[in-house]
Amino acid sequence: MTVIFKDWSISAITAGFVAVLVSYSGPLMIFFQAAQSAEVSNAMITSWVWAISIGAAVSGILLSLLLKVPVVTAWSAPGTALLVTLFPDLSLGEAVGGYLVAAAVIFVIGVTGSFDRIIRRIPPGIASAMMAGILFQFGVGVFVSLESVPALAIGMILAYLVFKRLSPRYSLVLLLVVGVILAVVLEDASLDGVTLSLADPQFIAPEWSWNAILSLAMPLVLVSMTGQFLPGMTIIRSAGYNTPAKPIVTVTSLVSFVTAFFGGITTATAAITAAICTSKEAHEDPDKRYVAGVANGVFYLIGGTFAGTIVALFTSLPGEFIAVLAGLALIGAISSNIQAFASRKDHLEASVITFIATASGMSFLGLGSAFWGVIVGALAYNLLHRRFTSGKSMQVSDSER
């Protein structure tokens, strides 16, 4: 504990808080849609929010402290989207049963180290291009917000540029403060309805059915692996950390097993918010950025404890505020990933194809653009840039074509 107090910084703590802010204001909304589909009570919704928050808090704090890496975890957003299509035909008990099966499968993947072998087979330029494509959509969101809240968006963009020039390390915390003030003044955002309210977790007994296993558990494993663990681990690797996936996948699966009984869907590595905590905006020294992961977990812990309060707080701010804040906070990560894949001249064309496919935001066969970006990028890499062997070694290069 002495070490973390020595390494703490306002910028790292701010990065952890902003990451939680983005999660609660974005992916959490999908959870409310699922709750409405299931027609559950407000008490049950609060229990769900408590469970996913505590899952992210415990796994994030534990892994960041043990590995000294900014490990940011969160609930499976693509998995939550599955629930919207399954409720109300699927009961809450069956959903919990599906969560438990998914957690068990992911645990096996984690302890066997299978995920690490998959990651090592992805060319570095392809991985960076995929991340740039994912983050690019959030950067675009900054300027899309100009259509609906021009004054707020322009004010925050100017504030970002000024703070980035005058105080790069603390630009995010200053931007956050100014953004809230602008939202209240310009968009009439009101915090009057926000009151302290402790969460009351509700235990849900699991029910077992083939429908839950085939319709929820197996797809949940697939989308969590391709939609969160894959880009999440890529972010960590792109930031220069060589942490293996085995302990991260294993710990998150064990946490998921416990929180499932209270309505918490699978906990996984965060995909988007992780970029905030692993970038140099969190801290110039990579060895001290793990504090951002710990701070992220602490804020999740607070959010879970006051689940009702945190939901009221963030829903009182306009959605465009979150879009602009997230986009501006990720500019550094977008730049570093574009630079990373652009520097890999040996497979640049395949990387660009990956970037375009991922940035498109398309969905095909129930799988998101991050997954298909890697697939089409890997195909392009093998066809355009890989060495072929026919009798004797022969490399097909751009100059030879």
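This one's a predicted model, so the numbers in the text were calculated from it and none came from an experiment. Numbering of residues begins from 1 in every chain and follows the order in which that chain's sequence is written. Confidence filtering applies because this is a predicted model: local features only for residues at pLDDT of at least 70, side-chain atom pairs given and counted only at 80 or more, and all residues used for totals across whole chains, interfaces and linings. As a rule here, side-chain values come from all non-hydrogen atoms in the structure, and water together with hydrogens is ignored.

Draft legend 1. Representation of the overall build of the protein within the structure. Counting from the N terminus, the helices are DSSP H or I runs at least four residues long and the strands are E runs at least two residues long. For the protein, the helix and strand inventory stands at 19 helices and four strands. Relative to its length of 401 residues, the protein is compact, with a C-alpha radius of gyration of 21 Å against a globular reference of 21 Å. Summarising its shape, the C-alpha atoms of the protein cover approximately 70 × 55 × 45 Å along the three principal directions. Exposed residues in this analysis have more than 50% of their type's maximum accessible area, buried residues have under 20%, and partly exposed residues fall in between, with area computed by a 1.4 Å probe over protein chains only. A buried classification covers 53% of the 401 residues belonging to the protein. Contacts are assigned to residue pairs that have any heavy atoms within 4.5 Å of one another. A fraction of 83% describes how many contacts in the protein between residues 6 or more apart in sequence connect residues 24 or more apart. When charges are counted, Lys and Arg contribute as positive and Asp and Glu as negative, whereas His and the chain ends are disregarded. For this purpose, a charge sits on NZ of Lys, CZ of Arg, CG of Asp or CD of Glu. Charge-centre separation for the protein: the mean point of 19 positive side chains lies 19 Å from the mean point of 20 negative side chains. For the radius of gyration, the atoms used are the C-alpha atoms, and the globule rule reads 2.2 Å times the number of residues raised to 0.38.

Draft legend 2. View of the pattern of salt bridges. Here a salt bridge means any side-chain nitrogen of Lys or Arg lying within 4 Å of a carboxyl oxygen belonging to Asp or Glu. For the coordinates displayed, the defined rule picks out one salt bridge. The partner of D346 in a salt bridge is R344, and the shortest N-O contact between them spans 3.9 Å. D346 sits in the partly exposed class, given a relative accessible area of 49%. On the basis of relative accessibility, which here comes to 33%, the residue R344 falls in the partly exposed class.

Draft legend 3. Up close: the confidence of the model for the protein. Confidence of the predictor in every single residue is expressed as pLDDT, which spans 0 to 100. Chain-level pLDDT for the protein is 82 on average; 91% of the residues reach the 70-or-more range. Confidence scores differ between elements of the protein, with strand β4 (residues 392–394) showing the lowest mean pLDDT of 42 and helix α12 (residues 245–259) the highest of 94. Counted against residues more than four places away or in other chains, residues 391–401, with its pLDDT under 50, gives 10 contacts.

Draft legend 4. Expanded view of the packing of aromatic side chains. Note on aromatic contacts: the rings of Phe and Tyr and the six-membered ring of Trp form a pair at centre separations within 6.5 Å, being stacked when their planes are under 30 degrees apart, edge-to-face when over 60 apart, and tilted otherwise. Overall, the coordinates contain nine aromatic pairs when judged by the stated rule. Every member of this aromatic cluster is reached through a ring pair, and the members are W50, F203, F257, F261 and F262. Lysine NZ or arginine CZ positioned within 6 Å of the ring centre and within 35 degrees of the ring normal marks a charge as sitting over the ring. A cation over an aromatic ring shows up here: K68 above the ring of Y290, its NZ or CZ 5.3 Å from the ring centre.

Draft legend 5. A look at unusual backbone geometry. Backbone geometry at K68 places phi at a positive 55°, although glycine is not the residue there. As for its position among the elements, K68 is in the loop between α4 (42–67) and β1 (73–75). Look at K68 and you get partly exposed, because its relative accessible area is 38%.

Draft legend 6. Inspection of the packing of helix α9 (residues 150–166) against helix α16 (residues 319–329) at higher detail. Across the interface, α9 lies against α16 with an axial gap of 10 Å and an inter-helix angle of 25°. As the angle between them shows, α9 and α16 are arranged roughly parallel. Once α9 is placed against α16, the crossing between them reads as right-handed. Packed against α9, whose contacting residues are L152, A153, M156, I157 and Y160, the element α16 presents F321, V324, L325 and L328 at the interface. All amino acids are sorted into three groups, where Ala, Val, Leu, Ile, Met, Phe, Trp, Tyr, Cys and Pro are nonpolar, Asp, Glu, Lys and Arg are charged, and the leftover types, Gly among them, are polar. By residue class, the composition of the contact of α9 with α16 is nine nonpolar, no polar and no charged. The axes are straight lines fitted to the C-alpha atoms, using for helices just the contacting stretch, and the angles between their N-to-C directions are given from 0 to 180°. Any angle between 65 and 115 degrees counts as roughly perpendicular, while under 35 counts as roughly parallel, over 145 as roughly antiparallel, and the rest as oblique. Left-handed describes a crossing whose near helix is turned anticlockwise from the far helix by less than a right angle; the clockwise case is right-handed.

Draft legend 7. Representation of a nonpolar patch on the surface within the structure. Surface patches are drawn from residues lacking salt bridges whose relative accessible area is over 30%; two like charges belong together within 9 Å, two nonpolar side chains (Val, Leu, Ile, Met, Phe, Trp, Tyr) within 5 Å. In these tables, accessible area is a Shrake-Rupley quantity obtained with a 1.4 Å probe, and a residue counts as shielded only by the protein chains included in the view. A cluster of nonpolar side chains, V177, I181, V184, V185 and L186, forms an exposed patch at the surface whose accessible area comes to about 420 Å². As for its position among the elements, I181 is in helix α10 (residues 171–187). The class for I181 is partly exposed, based on a relative accessible area of 49%.

Draft legend 8. Fine view of the nonpolar core. Throughout, nonpolar core names a set of buried Ala, Val, Leu, Ile, Met, Phe, Trp, Tyr and Cys residues whose side chains join them through atoms within 4.5 Å. With 114 residues, the main nonpolar core has W48, W75, M156 and F321 as its most contacted residues. No other element matches α4, which puts 11 residues into this core.

Draft legend 9. Expanded view of the environment of S145. By secondary structure assignment, the location of S145 is in the loop between α8 (124–144) and α9. Residue classification places S145 among the buried positions, given a relative accessible area of 5%. Taking the C-alpha atoms as reference points, S145 and E349, 204 residues apart in sequence, are found 31 Å from one another. Aside from chain neighbours lying at most four places away, what touches S145 is P150, A153, E320, A323 and V324.

Draft legend 10. Seen up close, the side chain of S64. Along the chain, S64 falls in helix α4. Take S64: its relative accessible area is 0%, and that puts it in the buried class. Side-chain polar atoms of S64 contact the backbone oxygen of V69, separated by 3.4 Å. Leaving out residues up to four positions away in the same chain, S64 has contacts with V69, P70, V71, Y290, G293 and V294. Here a polar contact is taken to be a pair of N or O atoms separated by no more than 3.5 Å, where protein atoms must pair a possible hydrogen donor with a possible acceptor and residues adjacent in sequence count only if both atoms sit in side chains.

Draft legend 11. Here's a closer look at the environment of D89. Of note, D89 is situated in the loop between α5 (77–86) and α6 (92–112). A C-alpha to C-alpha distance of 34 Å links D89 and S114, two positions 25 residues apart in sequence.

Draft legend 12. Expanded view of helix α11 (residues 210–238). Expected span of a helix, by definition, is 1.5 Å for each gap between consecutive residues, and there is one gap fewer than residues. Here α11 contains 29 residues, and its C-alpha end-to-end distance of 39 Å stays within 8% of the 42 Å for a straight helix at 1.5 Å per residue. The largest bend in α11 is about 35°, located at M225. Downstream of α11 by one or two residues, G240 has phi in the positive range, about 100°. Given a residue, its bend is the angle between the two axes fitted to the seven residues that end at it and to the seven that start from it.

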